[in-house]
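# Tertiary structure, described
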Amino acid sequence: TAAASEAPPAKAEPTRPKAPVENTSQNEVDLGAFDLDQKKPLNVVLLGHVDAGKSTISGHILVLTGNVDERTMEKYEKEAKALGRESWKFAFALDTSEQERAKGKTEECGQASFTTETRRFTILDAPGHKNYVPHMIGGASQADIGILVISARKGEFETGFERGGQTREHAMLAKTSGVRQMVVVVNKLDDTSVLNPDGSWSEERFLECKTKLEPYLKQVGWNSKGLVWIPVSGITGQNLKDKVPSSTCSWYDGEPLLDVLENLRPPERLLSGPVKMPISEKHKEMGTMVMGKLESGVIKVNDRLVMMPNRVEVLIDSLQLEGSTAQAAEPGDVVRLRLKGIEEEDVRVGFVLCSSTDLVSYTHSFIARLMVLEHKSIICAGYSAVIHIHSAVEEFTVSKLLAELDKKGKAKQKNPKFVKPGMRCLVQLKMSQPICVEPYDVFPQLGRFMIRDEGKTVAVGTVARLISDSDRPD
Ligand code: GDP
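Residues numbered from 1 in each chain as written. Predicted model: local features only at pLDDT ≥ 70, side-chain atom pairs only at ≥ 80, totals over all residues. Heavy atoms only, no water.

Put simply, the test is: UniProt positions are given in the numbering used here, feature names are shortened, and annotations may be inferred rather than shown by experiment.
The name an unreviewed UniProt entry gives the chain is Peptide chain release factor eRF3, (GTP-binding subunit), with Chondrus crispus as the organism. Its UniProt record gives the chain a comment under Subcellular location (unreviewed entry), which states: "Cytoplasm". Word for word, the UniProt comment on the chain under Catalytic activity (unreviewed entry) is "GTP + H2O = GDP + phosphate + H(+)".

Okay, structure coming up:
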């Protein structure tokens, strides 16, 4: 087999050039392209145990930011009341805006969006799928920010946090999926089970949740200095948009949730890099429709790009952002594209759309650094499971255990017979089909992965070197 691909590193572009200006000789200027520059896009994924209040919070945010109109809201309120659960109106608001955007199509990772003064937020991962971890991975791998929702209600915090509860696993997966920043929202502080006798929010309960969770978050890589903790009530909406009144919560002196989100440092966008867009969904709708997060580069209508690894040249026929037609998409955007030149059957989730001048690498086999988290027994050569890398999900086999590594990544023992939970190692993996990946050092978004087996995440890792198949034109 050929040597590993020596892909030129994608250059990070710290400053943000002006919005792409088209040659508009025959058309008038499309304002869509300029809108992109006014509101900076940020993708948010809501994480946390079932019933923590994720849909209620997302729905209430849509209402508070004026993204659901009053009349529609009154309708949901009636429907929710008829079901005897008025609070569900917020979850309805989320469901509907999602359906509108999906135009009746079921989406694996639904989205709703809202805008604040300077930002355009997309909420990834939607009700119905949110507790299904592989989909959560899909959502998290596209997200810039994670909001970890914790229920402070008596008994619920404890359940969500125990073994088997989703709080821990979501926090870990978010870290390994590349979520850059985490905001922890302690919800349901209005619940009678935890209210102070005078009806105000209990600082004691808030601190209890925080103190118990913090060490665990630290263990999976969330440095406590980088975390923001916010007490809220998804149902009453307190501390979502407006700061909770001090009569309700005298002890919180931080900002409400939306202000915190608005003020987070925006992620670096690789505007001038080559186009790289892993496909997370596809369907037929008057042609081939694909959806995914644009990881680098700018895509414009009428651009010619290449679908990898099958190397088919495609034309961007139309482009949508959050359900509205647009002229251009930039890194960080979750984009829906209609493609010409390729049949829907010839696209698979996990394929990557890229610039024809800078094709993404692909391979049957690569060397990876692994950290083994848990597995009922040990991992040795011949072990097979499923790898989740960007939007791709593929079966693989461990073809060689090359070395056990110490904490710093140095080889401790060559060719070990097996590795156990807690160990780090260098392995060679063989995929059942060629898969688009890049070494982690070259392009981290396409170079980090997790391994799942029987419904559990058993290892996380990064791509070190590609072994074969990578045929770049240069
Ligand atoms: P999800 O599964 O995380 O999306 O949780 P939901 O948003 O569906 O909420 C689960 C339940 O908790 C619903 O019955 C909500 O009405 C309730 N709930 C959500 N937020 C709050 C809150 O702030 N306070 C109280 N008391 N209940 C809440």
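## Some details on unusual backbone geometry
Short version of the rule: Secondary structure elements follow DSSP: runs of H or I no shorter than four residues count as helices, runs of E no shorter than two count as strands, and numbering proceeds from the N terminus.
With omega at 5°, the peptide bond leading from M308 into P309 counts as cis. Structurally, P309 is set in the loop between β10 (304-308) and β11 (312-321). Notably, D51 is not glycine yet its phi reads approximately 75°, a positive angle. Tracing the backbone shows D51 in the loop between β1 (40-47) and α2 (54-64). Even without glycine at this site, K188 takes up a positive phi of about 65°. Topologically, K188 is positioned in the loop between β5 (181-187) and α8 (203-219).

## Notes on the pairing of strand β21 (residues 448-453)
Keep this limit in mind: Exposure categories follow from relative accessible area, calculated using a 1.4 Å probe and restricted to protein chains: below 20% of the type maximum is buried, above 50% is exposed, and the middle band is partly exposed. Should DSSP find at least two bridges between two strands, the strands are taken to pair.
Burial runs high along β21: 6 of the 6 residues are buried. Neither face of β21 is exposed, since R448, M450 and R452 on one face and F449, I451 and D453 on the opposite face are all buried. Two strands pair when backbone bridges link them, and β21 and strand β22 (residues 456-466) are joined in this way by 6 bridges, in the antiparallel orientation. Looking at the pairing, R452 lines up with T457 of β22.

## Re the pattern of salt bridges
Our working definition: Salt bridge, as applied in this entry: a Lys or Arg side-chain nitrogen positioned within 4 Å of an Asp or Glu carboxyl oxygen.
Taken as a whole, this structure holds 15 salt bridges when the rule is applied. The closest approach of N and O atoms between K340 and D317, which form a salt bridge, is 3.7 Å. Residue K340 is located in strand β14 (residues 334-340), and its partner D317 is located in strand β11; the two are separated by 23 residues in the primary sequence. Owing to a relative accessible area of 46%, K340 belongs among the partly exposed residues under this scheme. A salt bridge links R348 to E394, with the nearest nitrogen and oxygen atoms 3.3 Å apart. A residue pair is termed long-range when its members are at least 10 positions apart, and R348 in the loop between β14 and β15 (352-355) and E394 in strand β18 (residues 392-405) qualify at 46 residues. For E394, a relative accessible area of 8% gives the class buried.

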